[in-house]
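Okay, here's what each chain looks like letter by letter:
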Amino acid sequence: MKIRQDFPHRIREIENQWIMLADGTRLAARIWLPEDAGTTPVPAILEYLPYRKRDGTAVRDELTHPYFAGHGYASVRVDMRGNGESNGLMEDEYAPQEHADALEVIDWIATQPWCDGKLGMMGISWGGFNGLQVAALRPAPLKAIITLCSTDDRYADDIHYKGGNMLLENLGWAATMLSFSAAVPDPLLVGERWREMWKHRLDNMPLLAETWLNHQHRDDYWKHGSINENYGDIEAAVYMISGWGDSYINTIPRMMENLSCPKKALLGPWMHKYPHFAIPDPAIGFLQEALRWWDYWLKDVDTGIMDEPPCTFYLQDGVPPAPKYLERPGQWVRIHGWPAPADEVETITLNLGDHGLESGGWLSADRLIASPLTAGSLQGEYIPLWFGADFPPDQRRDDGLSLTFDSAPYTDGLDILGQPTLSATLTSSQDCGQLHVRLCDVAPSGESALITYGTLNLNLRDDPGTITPPVPGEPMNVRLPLDLIGYRLPKGHRLRVALSSASFPLVWSPQKRADLTLKAGSPTLELPLSKADYIPVPFEPAESATPCRVETLRAGQPRRTISEDVGSGEVTVTIEDDMGDVRFADHGLRVEQKAKEIYTSHPTDATRTRADIEWHYRASRDDGEGRFAVDVTSRYHLHCDETIFYLTAEQVAHEGKTLVSQKSWTREIPRTAI
């Protein structure tokens, strides 16, 4: 990535700016401005997050926000209430208070002497979510947003539920936020108030997993903040971006189809990161592309960005499966809208038949899908996030625990673009059940690489808001779209459809093991194929501003391991998210963070499914003004029987050797849908 310092505008930074809200709460902002913005006001770009501007996002902030300021924008990074140096408490994600505060922040920015009254919002993940949600409230200054790795439907496409099944990431992210929310305000910025602020947060820490577990189907809780409840609420221009290595991809075709505002979409090969520094490569000049967007919508400069086809997709080449990719070769295509015109994407129908996956085949007899509850350990991380071994490795072991249908080799290969969709008739052996469908690329050597997948809770098979348990032995018609994908199947490779009745630790096990039967007839896979011409790389090379000065005291060491107890049959997946130990050179803050997630499942007994997560956070400054040292340990545990989730959590915080806070929670939560 090229580091830029020669910007058209000299930059002035405000390290910490207080924004006073109507209720007396102070939010902390970091602001980068063109030096002459006080006399020549400029448009502003807001990023609004809970992740602590002082350390949590400082590295990426310094790559990005000065770049915008150097090109004539006021770039404003604000910590939400209850986070970083901002006062108050955060009770939940995307709460009405979060939105109300954002509206006040926008009004504050728009009335500053350095702002010309026009504003854009940008963010990835949480910031991508609230960018959409705030746009739906239509604040007058907000003219355009860039939303990355986000969703229009909080139930369908976040870290909580997928296809009605509870993701293990639901607990994993609750544990992450339990630790992140316990981070200390920096004494250099808030003074001696830091202890009072920190203790106030610790004493009022929400148990987010309890909230999320109490809403197991799509109810009013999830509808709040889901812009698909009324797409017409958004009038600001929307640029939506994600990557095939991320989990927030299905929202893009829905928003392209349903938003009536000006819109544009981009999908590359990346994981859950901004595209100028994400892996796998090719990274792109995201900041230059963002400037084209901002210049068009905030400065009325015709950059040509709206003259291009609205959808840009990267078709990844099929490569051998690996748990981590630094690069994915492929080809770019552009599509004139979504749903795609028939001359750019066509759909063919393949049957799951007696002879495999074929055109016009027929399944002459019922087939059993009888996966152990330990199936799925090779799925990979739901959200590749920490640059570890997060991608799915060779799928052959999980294929062996599934009912599979293989095609003949495709002599000329295939270009897949869209959402492959399975339609079938099933029965369940129990009054519950899960269907998991993987589409794999099978090489002549036998290696099986995951292309895309889908999962479905059969209790919610017809409607995610209506619980309808299966009647054992009674046929059910299901239609399951797999995740959106752009993929180039190599010449001579086969397609494999693998059907299983469990996928752990992607999703929590059903109430009891439920084997499925694929009924005879004509189960089908609709396969969307790209007919679009390849185009040269449509983006400039990646650039950024000068990186943050960080001293690495101990490098992060993320790991993912799978173990099996041969005697009991239990399979355990252990994920170690170690982010290392670093010191920020500009202000001396030292931060160490690491987590261990342990997920265990038994092949036949669903009541033995369990999860244990532990986070460690330490922060200190060991010399000069603002000297301090704190550490926090946060733990979550979840197990279940057929009717109840048993949730426990603990958080212990110290300043030096002095105990500051010790909290524990014990909850029993009825299983209603999962």
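What this report covers is the structure whose coordinates are included nearby.

Parameters at a glance
Residues numbered from 1 in each chain as written. Predicted model: local features only at pLDDT ≥ 70, side-chain atom pairs only at ≥ 80, totals over all residues. Heavy atoms only, no water. Salt bridge = Lys/Arg side-chain N within 4 Å of Asp/Glu carboxyl O. Helix = DSSP H or I, 4+ residues; strand = E, 2+ residues; numbered from the N terminus. Buried < 20%, exposed > 50% of the residue type's maximum accessible area, 1.4 Å probe, protein only. Pairing = 2+ DSSP bridges. Contact = heavy atoms within 4.5 Å.

**Some words on the pattern of salt bridges**
Counted according to the given criterion, the structure contains 56 salt bridges. The residue Lys53 makes a salt bridge to Glu85 at a minimum N-O spacing of 3.8 Å. In this pair, Lys53 is assigned in the loop between β4 (42–49) and α1 (58–70) and Glu85 in the loop between β5 (74–79) and α2 (96–110), connecting sequence segments 32 residues apart. We note that Lys53, like Glu85, is buried. With its nearest N and O atoms 3.9 Å apart, the salt bridge here joins Arg618 to Glu592. With a gap of 26 residues between them, Arg618 in strand β32 (residues 610–621) and Glu592 in strand β31 (residues 590–601) connect regions that are remote in the sequence.

**Quick look at the pairing of strand β12 (residues 311–317)**
Burial analysis of β12 places seven of its seven residues in the buried class, the great majority of the element. By the alternation rule, side chains of β12 split into Cys311, Phe313, Leu315 and Asp317 and Thr312, Tyr314 and Gln316, which are all buried. Pairing geometry for β12 and strand β13 (residues 330–335), over six bridges, is antiparallel. By the bridge assignment, Thr312 is partnered in β13 with Arg334. In the sheet, β12 pairs with strand β23 (residues 485–489) via two bridges, with the strands oriented parallel. Paired with Gln316 across the bridge in β23 is Tyr487.

**Structural notes on the environment of Val550**
By the element assignment, Val550 lies in strand β28 (residues 550–554). Separated by 36 residues in sequence, Val550 and Asp586 have C-alpha atoms that sit 8.3 Å apart. Not counting the four nearest positions on each side in its chain, Val550 is found in contact with Val59, Val582, Arg583 and Phe584.

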